[in-house]
Amino acid sequence: MAMNTRAATTAVVEAQSTGRPGWRAHGQADPNWWIDGHFGGRSLADSLRQRDIGSLFRFLKSRGWSQAAIAAATGTTENQVRAVIQGRQRVTSYDVLERIAERLDIPRGLMGLAYEQECLSAGNVGDPQPLAVQPCRRGLTVA
């Protein structure tokens, strides 16, 4: 059963107000999880490199996130979240992987996703590397 936007937002707010572990004050995932975190005997960075979204969703559940909160945060449905967690569905669409990375504040490079062209910034003249990749960071939008 799909969750409407109001119910999804309510799930996020309720989880925040209960002080459940894994929620930062403003309802975003902690970006340090993706670099330093471990789940199921392996690092989250390895799981992300392999685009193992099932492991990512199971990790979020272990941090107190409900399936409704994961769905709201990633712009998917609860049914899709459940299917991914249970291993019945894999996330292979570039657009969906990109959306998950953006909304959970996962550095795109960890998932092997290219950075957007407008995120390239010119360096100084004479610099051996004139272009520097800057992470495209956008705020979490609860859909």
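Structure: above.
Please read these numbers as outputs of a predicted model, since none were measured by experiment.

Participant: Which residues make up the nonpolar core, and what values go with them?
Facilitator: Among the nonpolar cores identified, the biggest contains 27 residues, and W34, I53, L56, F57, L60, L104 and I106 are the most heavily contacted of them. With five residues, helix 4 (residues 53-62) is the largest single contributor of residues to this core. Not counting residues up to four positions away in its chain, the partners in contact with L60 are W33, W34, W65, I70 and L104.

Participant: Explain the side chain of D52 to me, and be specific about the residues and the numbers.
Facilitator: Among the secondary structure elements, D52 is positioned in the loop between helix 3 (44-49) and helix 4. Those residues in contact with D52 that sit more than four places away from it in its chain are R42, S47 and R58.

Participant: Would you mind going over the packing of aromatic side chains in detail, with residue names and values included?
Facilitator: The full count for this structure, using the stated rule, is five aromatic pairs. Pairing W33 with F59 gives two aromatic rings, centres 5.4 Å apart and planes at 80°, and the pair type is edge-to-face. Highlighted residues: W33 in helix 2 (residues 32-36) and F59 in helix 4, separated in sequence by 26 residues. F59 carries the same exposure label as W33, and that label is buried. Aromatic side chains W33 and W65 sit 6.5 Å apart centroid to centroid with 65° between the ring planes, which places their arrangement in the edge-to-face category. Placement of W33 in helix 2 and of W65 in the loop between helix 4 and helix 5 (67-74) is noted, with a sequence separation of 32 residues between them. Across the pair, exposure class does not vary: W33 and W65 are buried alike. An aromatic cluster of three or more residues is present, and its members are W33, W34, F39, F59 and W65.

Scoring rules and cut-offs
- Numbering of residues starts from 1 in every chain and runs along the sequence as written.
- Local features in this predicted model are restricted to residues whose pLDDT is 70 or higher, and side-chain atom pairs enter the listing and the counts only when it is 80 or higher, whereas totals over whole chains, interfaces and linings include all residues.
- Only hydrogens and water are set aside; all other atoms, that is, all heavy atoms of the structure, feed into the side-chain values.
- For this analysis, a nonpolar core means a set of buried residues of the types Ala, Val, Leu, Ile, Met, Phe, Trp, Tyr and Cys, connected via side-chain atoms within 4.5 Å.
- Relative accessibility decides the category of a residue: with a 1.4 Å probe and only protein chains considered, values under 20% of the type maximum give buried, values over 50% give exposed, and everything between is partly exposed.
- Numbering of helices and strands starts at the N terminus; helices are DSSP runs of H or I of at least 4 residues and strands are runs of E of at least 2.
- Contacts are residue-level and defined by heavy atoms, with any inter-residue pair within 4.5 Å sufficient.
- Pairing of aromatic rings covers Phe, Tyr and Trp, the last through its six-membered ring, and needs centres within 6.5 Å; plane angles under 30 degrees mean stacked, over 60 mean edge-to-face, and all others mean tilted.

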